[in-house]
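Below, each chain spelled out in residue letters.
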There are 2 protein chains.
Amino acid sequence: MKENIHQHIFNEYAQGIQAGRITPGTKLPSENELMKSYSTSRETVRKALNLLMQHGYIQKLKGKGSYVLDMGRMNFPITGLTSFKEMSGKIGRASHTHVHTTHNIEAPPAVVEALQLEPGAPVCEVIRVREIDNERVILDKDYFLPAIVGRLTAEIAAGSIYEYLEQVLKLVISYAKKEISVEVATIEDRELLDLHGLSHVVVVRNFVYLEDTTLFQYTESRHRLDKFQFVDFARRMP
Amino acid sequence: MKENIHQHIFNEYAQGIQAGRITPGTKLPSENELMKSYSTSRETVRKALNLLMQHGYIQKLKGKGSYVLDMGRMNFPITGLTSFKEMSGKIGRASHTHVHTTHNIEAPPAVVEALQLEPGAPVCEVIRVREIDNERVILDKDYFLPAIVGRLTAEIAAGSIYEYLEQVLKLVISYAKKEISVEVATIEDRELLDLHGLSHVVVVRNFVYLEDTTLFQYTESRHRLDKFQFVDFARRMP
DNA sequence: TAGTGGTCTAGACCACCCA
DNA sequence: GGGTGGTCTAGACCACTAG
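Residues numbered from 1 in each chain as written. Chains lettered and ligands numbered in written order. Predicted model: local features only at pLDDT ≥ 70, side-chain atom pairs only at ≥ 80, totals over all residues. Heavy atoms only, no water.

Structural notes on the interface of chain A and chain B
Taken together, the contact pairs 45 residues of chain A with 45 residues of chain B. Counting the contacts that link chain A with chain B gives 0 salt bridges. Seen at the junction of chain A and chain B, the total is 6 residue pairs in polar contact (both at pLDDT 80 or more). Secondary structure elements with two or more residues in the side of chain A that touches chain B: α3 (42–54), β1 (58–61), α8 (161–168), β6 (173–184), β7 (200–210) and β9 (229–235) of chain A. With 10 residues, the single largest contributor to the side of chain A that touches chain B is β6 of chain A. Among the residues making up the side of chain A that touches chain B, the classes are represented as 22 nonpolar, 11 polar and 12 charged. As paired strands, β9 of chain A and strand β6 (residues 173–184) of chain B are joined by 7 bridges and run antiparallel to one another. (Contact = heavy atoms within 4.5 Å. Salt bridge = Lys/Arg side-chain N within 4 Å of Asp/Glu carboxyl O. Polar contact = N/O pair within 3.5 Å; in protein donor to acceptor, adjacent residues only side chain to side chain. Helix = DSSP H or I, 4+ residues; strand = E, 2+ residues; numbered from the N terminus. Nonpolar A, V, L, I, M, F, W, Y, C, P; charged D, E, K, R; others polar. Pairing = 2+ DSSP bridges.)

Concerning the protein's contact with DNA strand D
Around DNA strand D, the structure places 23 residues, and the nearest of them are Glu43 and Arg46 of chain A together with Ile5, His6 and Thr40 of chain B. When the atoms of DNA strand D within 4 Å of the protein are sorted by group, sugar and phosphate make up 63%. Between DNA strand D and the protein, one listed contact pairs a phosphate oxygen with a side-chain N or O atom of Ser30 of chain A at 3.4 Å. Contacts to DNA strand D include Gly63 of chain A, whose backbone N or O atom sits 3.3 Å from a base nitrogen. Among the secondary structure elements, those contributing two or more residues to the surface near DNA strand D are α3, β1 and β2 (65–68) of chain A together with α1 (5–18) and α3 (42–54) of chain B. Taken together, the residues of the surface near DNA strand D break down into 2 nonpolar, 10 polar and 11 charged. (Near = heavy atom within 4 Å.)

Focus: the pattern of salt bridges
By the definition in use, this model includes 26 salt bridges over all chains. In this structure, Glu179 of chain A engages Lys177 of chain A in a salt bridge whose closest nitrogen and oxygen atoms are separated by 3.6 Å. According to the relative accessible area criterion, Lys177 of chain A is buried, its value standing at 12%. Salt-bridge contacts for Arg222 of chain B lead to Glu220 of chain B; the nearest nitrogen and oxygen are separated by 2.6 Å. An identical accessibility class is assigned to Arg222 of chain B and Glu220 of chain B; each is buried. Bridged by salt links that share partners, the residues Glu31, Arg42, Arg46 and Lys60 of chain A form one connected network. (Buried < 20%, exposed > 50% of the residue type's maximum accessible area, 1.4 Å probe, protein only.)

What to know about the protein's contact with DNA strand C
DNA strand C sits among 23 residues. The nearest are Ile5, His6 and Thr40 of chain A together with Glu43 and Arg46 of chain B. Sugar and phosphate atoms represent 64% of those atoms of DNA strand C found within 4 Å of the protein. Within the contact set of DNA strand C, a phosphate oxygen lies 2.3 Å away from a side-chain nitrogen or oxygen of Thr40 of chain A. Here a base nitrogen of DNA strand C sits 2.8 Å away from a polar atom, N or O, in the side chain of Arg42 of chain B. Listing elements by their share of the surface near DNA strand C, those giving two or more residues are α1 (5–18) and α3 of chain A together with α3, β1 (58–61) and β2 (65–68) of chain B. Class assignment of the residues belonging to the surface near DNA strand C gives a composition of 2 nonpolar, 10 polar and 11 charged.

What about the sheet that holds strand β9 (residues 229–235) of chain B?
Strands sit in the order β3(A)-β4(A)-β5(A)-β8(A)-β7(A)-β6(A)-β9(B) across an open sheet of 7 strands; the sheet is antiparallel. At either end of the open sheet lies a strand with only one pairing partner, and these are β3 (95–106) of chain A together with β9 of chain B. Neighbouring strand axes in the sheet, compared pairwise and without regard to direction, differ in orientation by 15 degrees on average. (Axes fitted to C-alpha atoms, helices over the stretch in contact; angles between N-to-C directions.)

Comments concerning the sheet that holds strand β5 (residues 135–144) of chain B
The sheet built from 7 strands is open, its strands ordered β9(A)-β6(B)-β7(B)-β8(B)-β5(B)-β4(B)-β3(B) with antiparallel pairing. The outermost strands of the open sheet, each flanked by one partner alone, are β9 of chain A together with β3 (95–106) of chain B. Between one strand and the next, the sheet's axes are offset by a mean angle of 15 degrees, whatever the strand orientation. As paired strands, strand β7 (residues 200–210) of chain B and strand β8 (residues 215–224) of chain B are joined by 9 bridges and run antiparallel to one another. Looking at the pairing, Tyr209 of chain B lines up with Leu215 of chain B of β8 of chain B.

Things to note about the side chain of Ser174 of chain A
As for its placement among the helices and strands, Ser174 of chain A is situated in strand β6. The class of Ser174 of chain A is buried, set by a relative accessible area of 10%. A distance of 2.8 Å separates the side chain of Ser174 of chain A from the side chain of Gln59 of chain B, its partner in a polar contact.

Here's the deal with the pairing of β8 of chain B
Extensive coverage of β8 of chain B is indicated by the burial of 10 of its 10 residues. Here β7 of chain B folds back onto β8 of chain B in antiparallel fashion, the turn holding 4 residues, of which Thr213 of chain B has a positive phi close to 70 degrees.

Brief notes about unusual backbone geometry
Residue and element names in this part refer to chain A. At Asp133, a residue that is not glycine, the phi angle is positive and equals roughly 50 degrees. Within the fold, Asp133 resides in the loop between β4 (122–132) and β5 (135–144). Asp133 gets classed as partly exposed once you look at its relative accessible area, which sits at 37%.

Brief notes about the side chain of Thr44 of chain A
Position of Thr44 of chain A among the secondary structure elements: in helix α3. The class for Thr44 of chain A is buried, based on a relative accessible area of 18%.

Fair warning: the whole summary comes from geometry, so function is off the table for now.
This is the structure we're talking about:
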């Protein structure tokens, strides 16, 4: 499992808070106490506590201690890099994915720009429609570099592509940039989604990078307006 | 003043990257070299580098080194807790704020819920309209606890309320939770904004907390659809 | 093998909070 | 004054990357 000490401490408390075993307002043991009870050094304890703080689980107060926030059990944290499959599990709604197309094509202009390709370069395009409560509300258009992912099958696309990339291809996803905007619905949006006459869709553009800083995926996630929500937790930087 | 060593190192590189003096792809000095050139310890250097990494300025590669990303100069980082005033400066567009109302009122139901108040409790309401390129595109509705902010004047509201709170009242803002969704425009939206017939607005709900974990402000920022953009940088968590 | 970043240790001094 | 978190130090061992 290769679990670090500080990650181990973080996990224990993060899970405890998320499961409600540790209630908001509770004071955590001091760094000195944690140090003893985990038989480790203070800096290691502090790494764990800082992780908990950065994730919004606790608040640290100089001279007082660390206190549990009630933000940890926050409604659906769509923040970060959470994928549709992880998310739909959390919200516990009837959801279903329909794979519309999976093929290698010449990159369309928008994708050439997004992935910084040569005009006419090949990309692997995967178009999926997400259904929640029997309504088609999300259109996902993914573009991968064939040199890296090879050819994706429909079966893979039906599940979690991230799971496949990380566990089978052993690719390590490192970071991503997201852009959220609202745009006029295209003809494709109208055909593949149940828009009920809504004129706009929320577009989430996602640029995904690997550990070696290679940009390897571009995703356009097109959501029906009324089914879109994004939650963000932010700390004030000094 | 009072600048930590690791914050100092962070600032030097962050500014260098943002100003373009350090170009993307550049390899940073190794931790050992930085340690010597700043006459400090390695853990301190690492704190600075981790900050740079968390902010998307660099990528660290085991066994190789730290490399500058081209994400640091990212377009309008509305992520985090950036306020309108800070932002409008960055995008460099003609912008103007019109203070519509500033008064203490009984909290409306939605605000009672958001700030967890007793029904009928007083709140300080500030309604402002943001103009960009001579179009009224953002409606900001702020609600503060009068016990903390007292009475805000129109002059203060015309500038940056955050500046006033932090520099005059010495309040320390610690963290915030944001929720982004799209909703049907209200009558008030139609009156105060130039919606050009658009039926929906993007609503950003902001819950702001102080250092002692007090929730003290609730903000509703209502944006015209086509003028809304949100950029997010996320790292994959282990 | 030499250099890199990732983790950990056992101390230290400081500023802050509260009794 | 005793406890708390914030910062820093000078070592150590490991896993990874490279030539």
